[in-house]
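Below are the chains, spelled out letter by letter.
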Amino acid sequence: MNDKSSAPIQIVTVERPADVRAFVDTGYRLNERYPQFVTQLRMDLLALFDRKKNPFWDRAEYQLFLAKREGKIVGRIAAIDNHAHNDFHHENIGHWGFFDAFDDPAIAKALFEAAEKWVRDRGRDAILGPMNPSTNDECGTLIDAFDESPIIMMTWNPEYYPALIEGCGYSKAKDLYAWWMSADDFTDRYQKAAEFLRKKLKAEIRCLDMKHFWDEVTLIKEVYNAAWAKNWGFFPMTDEEIDHLAKQLHMIVDPDFTVFAFIEGKLVGFSLTLPDYYQVLKGIRGGKLFPFGLLKVLWNQYVAKKIKQSRVMVMGVVPEFRNRGIDVIFYAEAVRVSKLRGHRGGEMSWILEDNDMMNNILEKIGGKIYKHYRIYRKDLV
């Protein structure tokens, strides 16, 4: 569906709570015609933009824009000024995210110009995206595999988005890989190798203790920022941000899929794999659980047992214990639990295109790259 009318585009700055709701709803309205489309629940997206409840906004600011033509909303974009990113990387860039539009270059041009002006007015000399709203959340534009639905907390977009973005002067900054591994790809050979490494390292591996959930979150805080400090686009999360994320994940985390590694009593890494709840959210109109969406979720999860895949979402090892095989042990645990759950396989995402260590490991243990996501950049001076 296109909206290539000759009528002019009006850019509306979102200020009122009602307009924030319209901004969130636009993502559903423009994409629900695609059978592959799945995204976060409406209430979660509204909470994401709540400056009082989401601690990310203690160190960042945003402005939302809607594009209208003849009174009809035809697109949206968010401009983001992430102070934490700039302070950590000693950069002077802004970000954009949450871009959605009909297949019309005029709409994209008007939206990106609005976001770029907002960022430029704040003194930034380049803009990077999509970040929804940062690398600690969803990010990247899908550039292939458009016939595949996204896995939990990954993005999806129609195939015309890359051309719209590039047509507005953006070029590749970095590609992100999504790897797929079926339950059968990780063979007994790799399981035996993981067990050998576990014994060699004298590693204690245990899963999440839900009875002491917040004590476990405190443990994660000890290693999270150290484990990712050198990653492109990373910036440290505050304790409040980690707590906020933990609250979001508390209801959907599978404790057997959350694994800690200790060596000589010291926590050296952890891995978080999530069941793909997007499989049970698919088809819920407007991302609304009520009045009937919740019944569909419960039916799919408990009666139809629709969840047949998972996503290795977070995996980190502190620098002094890298390259010793702990990541192979984590993957082995994820595969073991996947088989117990009856899953057909899982996604490992996202991995930076130049993270040679992780990409080589995933290839060696039977993984295959099946999706590519792109982060775009544009200089503003």
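As the structure is a computational prediction, the values presented were derived from the model and not from experiment.

Caption draft 1: Spotlight on the side chain of Ser-338. Position of Ser-338 relative to the elements: it lies in helix H11 (residues 326–341). Look past the residues within four positions of Ser-338 in its chain and what remains in contact with it is Phe-257, Ser-310 and His-343.

Caption draft 2: Summary view of helix H7 (residues 213–228). Between its terminal C-alpha atoms H7 stretches 22 Å, which fits the 22 Å expected from 16 residues at 1.5 Å a residue. Along H7, the sharpest kink reaches roughly 30°, centred on Lys-221. Those residues of H7 not exposed but buried are Phe-213, Glu-216, Val-217, Leu-219, Ile-220, Val-223, Tyr-224, Ala-227 and Trp-228. Where H7 is buried, its residues touch strand S10 (203–207), helix H8 (239–249), strand S11 (258–263), strand S12 (266–275) and strand S13 (309–317).

Caption draft 3: Just the state of the cysteines, in detail. Tallied over the entire structure, the rule returns zero disulfides. Between Cys-139, a cysteine without a disulfide, and Cys-168, which holds the nearest cysteine sulfur, the sulfur-to-sulfur distance is 20 Å. Overall, Cys-139 belongs to the buried group, its relative accessible area being 3%.

Caption draft 4: Local environment of the pairing of strand S9 (residues 171–182). Counting buried residues in S9 gives nine out of 12 residues, a clear majority hidden from the surface. Pairing between S9 and strand S15 (residues 368–379): nine bridges, direction antiparallel. Residue pairing across strands places Trp-179 opposite Ile-369, the latter belonging to S15. Where S9 lies against strand S14 (residues 345–352), six bridges are found, and the strand directions are antiparallel. Bridge pairing in S14 places Trp-180 opposite Glu-347.

Parameters at a glance
- Residues numbered from 1 in each chain as written.
- Predicted model: local features only at pLDDT ≥ 70, side-chain atom pairs only at ≥ 80, totals over all residues.
- Heavy atoms only, no water.
- Helix = DSSP H or I, 4+ residues; strand = E, 2+ residues; numbered from the N terminus.
- Contact = heavy atoms within 4.5 Å.
- Expected span 1.5 Å × (residues − 1).
- Bend = angle between axes of the 7 residues up to and from the residue.
- Buried < 20%, exposed > 50% of the residue type's maximum accessible area, 1.4 Å probe, protein only.
- Disulfide = S-S within 2.5 Å.
- Pairing = 2+ DSSP bridges.

So yeah, pure geometry; function would need other evidence.
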